[in-house]
Amino acid sequence: MIQLSINTTQNVIINFSAASVGERIGAYFIDLLVKIAYCIIIFYVFFYSFGLNSIIQGMDPWSMMAIYMIFALPVVFYSLIQELLLEGQTFGKKLVKIKVVKIDGYQASFGDYLIRWLFRLIDITIGSGIIGLITMVVNNKTQRLGDISAGTAVITLKNKINISHTILEDIGEEYKPKYPLVIKLSDNDARIIKETFQAAVKKSDSEILNRLTSKIEQVTGIKNDLDSKKEFIQTILKDYNYYTQNM
């Protein structure tokens, strides 16, 4: 399995496994089945059961085309809308457990998803997907042209993980939180803090711990009043888990 290293905004390298070509094709066909199911339902419910088709036949060509295009919009924008709303996933990607990410560590933006969607015309539509397939096979990150242009890659979420790889912290029932303001953080913030903290401790990098502590203080308004920055960050993570689990 191809390994993909992502350099986060905190200059911490996180290793992921790039989704295989087979996984990406599998997700594509699941999404294709969803689109086909939508078209069948629309045809039978609106055009057949409600008799909309007979009404449309009496319209001029431009009006007919406009109505057909309106019903086709969910299919046309399917991947763009779902990747935007589901943060890099479609229904097919969720089932296969793969996800679109930025290779520079940032969260993919609307512009990134839009570029990927526009390049579907070249990658998938033209040549029935041959261009995209060849590009993924020869690319060392299994990227298609849309990924290369948007600076994204598709990773697998099937890696075996344990509590140290998640935002969860092992806290006991008797734990007493210290910093209520940690609720200002998001799950993504907590994940980045934990990943950065673990990397800094592993490298004994005090500079990263200093920068991470300053960033936490800036975002949350919490001031470090503990004996060490290491203890402070550990407390922040435990408090975040306590409040989010008990809210």
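Above this text is the structure in question.
Rules used in this analysis
- Residues numbered from 1 in each chain as written.
- Predicted model: local features only at pLDDT ≥ 70, side-chain atom pairs only at ≥ 80, totals over all residues.
- Heavy atoms only, no water.
- Phe/Tyr/Trp six-rings, centres within 6.5 Å; stacked < 30°, edge-to-face > 60°.
- Helix = DSSP H or I, 4+ residues; strand = E, 2+ residues; numbered from the N terminus.
- Buried < 20%, exposed > 50% of the residue type's maximum accessible area, 1.4 Å probe, protein only.
- Pairing = 2+ DSSP bridges.
- Patch = residues over 30% accessible without salt bridge, like charges linked within 9 Å, V, L, I, M, F, W, Y side chains within 5 Å.
- Areas by Shrake-Rupley, 256 points an atom, 1.4 Å probe, with all protein chains shown as cover.
- Salt bridge = Lys/Arg side-chain N within 4 Å of Asp/Glu carboxyl O.
- Axes fitted to C-alpha atoms, helices over the stretch in contact; angles between N-to-C directions.
- Parallel < 35°, antiparallel > 145°, perpendicular 65-115°, else oblique.
- Left-handed = near helix turned anticlockwise from the far one by under 90°.
- Contact = heavy atoms within 4.5 Å.
- Nonpolar A, V, L, I, M, F, W, Y, C, P; charged D, E, K, R; others polar.

**Comments concerning the packing of aromatic side chains**
Two aromatic rings are characterised by how far apart their centres lie and by the angle between their planes.
Here is step 1 of the chain: Following the criterion strictly, the structure yields six aromatic pairs and no others.
Here is step 2 of the chain: With 5.3 Å between their ring centres and 75° between their planes, Tyr28 and Phe29 make a pair best called edge-to-face.
Here is step 3 of the chain: Here Tyr175 and Tyr242 contribute two aromatic rings whose centre-to-centre distance is 6.3 Å and whose plane-to-plane angle is 55°, an arrangement assigned as tilted. Here the residue Tyr175 occupies a position in the loop between strand E4 (152-156) and helix H10 (187-203), and Tyr242 occupies one in helix H12 (residues 229-246), the gap between them amounting to 67 residues.
Here is step 4 of the chain: Residue Tyr242 is classed as partly exposed on the basis of its relative accessible area of 26%.
Here is step 5 of the chain: These aromatic residues form a ring-pair network of at least three members: Tyr175, Tyr242 and Tyr243.

**Digging into the pairing of strand E3 (residues 98-102)**
Here is step 1 of the chain: Burial within E3 is extensive, with four of its five residues counted as buried.
Here is step 2 of the chain: Of the strand pairs in this sheet, E3 and E4 are connected by five bridges, and their pairing is antiparallel. In the sheet register, Val101 faces E4, and the bridge partner there is Ala153.

**Let's talk about a nonpolar patch on the surface**
Here is step 1 of the chain: Residues Ile25, Phe29, Ile130, Leu133, Ile134, Val137 and Val138 make up a contiguous nonpolar surface patch of roughly 640 Å² in combined accessible area.
Here is step 2 of the chain: Contributions of two or more residues to the nonpolar patch are made by helix H1 (21-49) and helix H8 (130-138).
Here is step 3 of the chain: When residues of the nonpolar patch are assigned to their parent elements, the largest contribution, five residues, is made by H8.
Here is step 4 of the chain: Mapping Ile25 onto the fold places it in helix H1.

**Description of the packing of H1 against helix H3 (residues 61-76)**
Here is step 1 of the chain: The contact between H1 and H3 brings their axes to 10 Å, and the two run at 150°. When the interaxial angle is binned, H1 and H3 end up roughly antiparallel. Like other packed secondary-structure pairs, H1 and H3 cross with a definite hand, here right-handed. Packed against H1, whose contacting residues are Lys35, Tyr38, Cys39, Ile42, Phe46 and Phe47, the element H3 presents Tyr68, Phe71, Pro74 and Val75 at the interface.
Here is step 2 of the chain: Per-class residue counts for the contact of H1 with H3 are nine nonpolar, no polar and one charged.

**A word on the pattern of salt bridges**
Here is step 1 of the chain: Counted according to the given criterion, the structure contains eight salt bridges.
Here is step 2 of the chain: Taking the shortest distance from any N to any O, the salt bridge between Glu83 and Arg116 comes out at 2.8 Å. Of this pair, Glu83 sits in helix H4 (residues 78-85) while Arg116 sits in helix H6 (residues 110-118); the two residues are 33 residues apart in sequence, bridging distant segments of the chain. Both residues of the pair, Glu83 and Arg116, belong to the buried class.
Here is step 3 of the chain: Across the salt bridge formed by Asp225 and Lys178, the nearest N and O atoms sit 3.6 Å from each other. In this pair, Asp225 is assigned in the loop between helix H11 (206-220) and H12 and Lys178 in the loop between E4 and H10, connecting sequence segments 47 residues apart.
Here is step 4 of the chain: A residue is classified by how much of its surface remains accessible, and Lys178, at 39% relative accessible area, is partly exposed.

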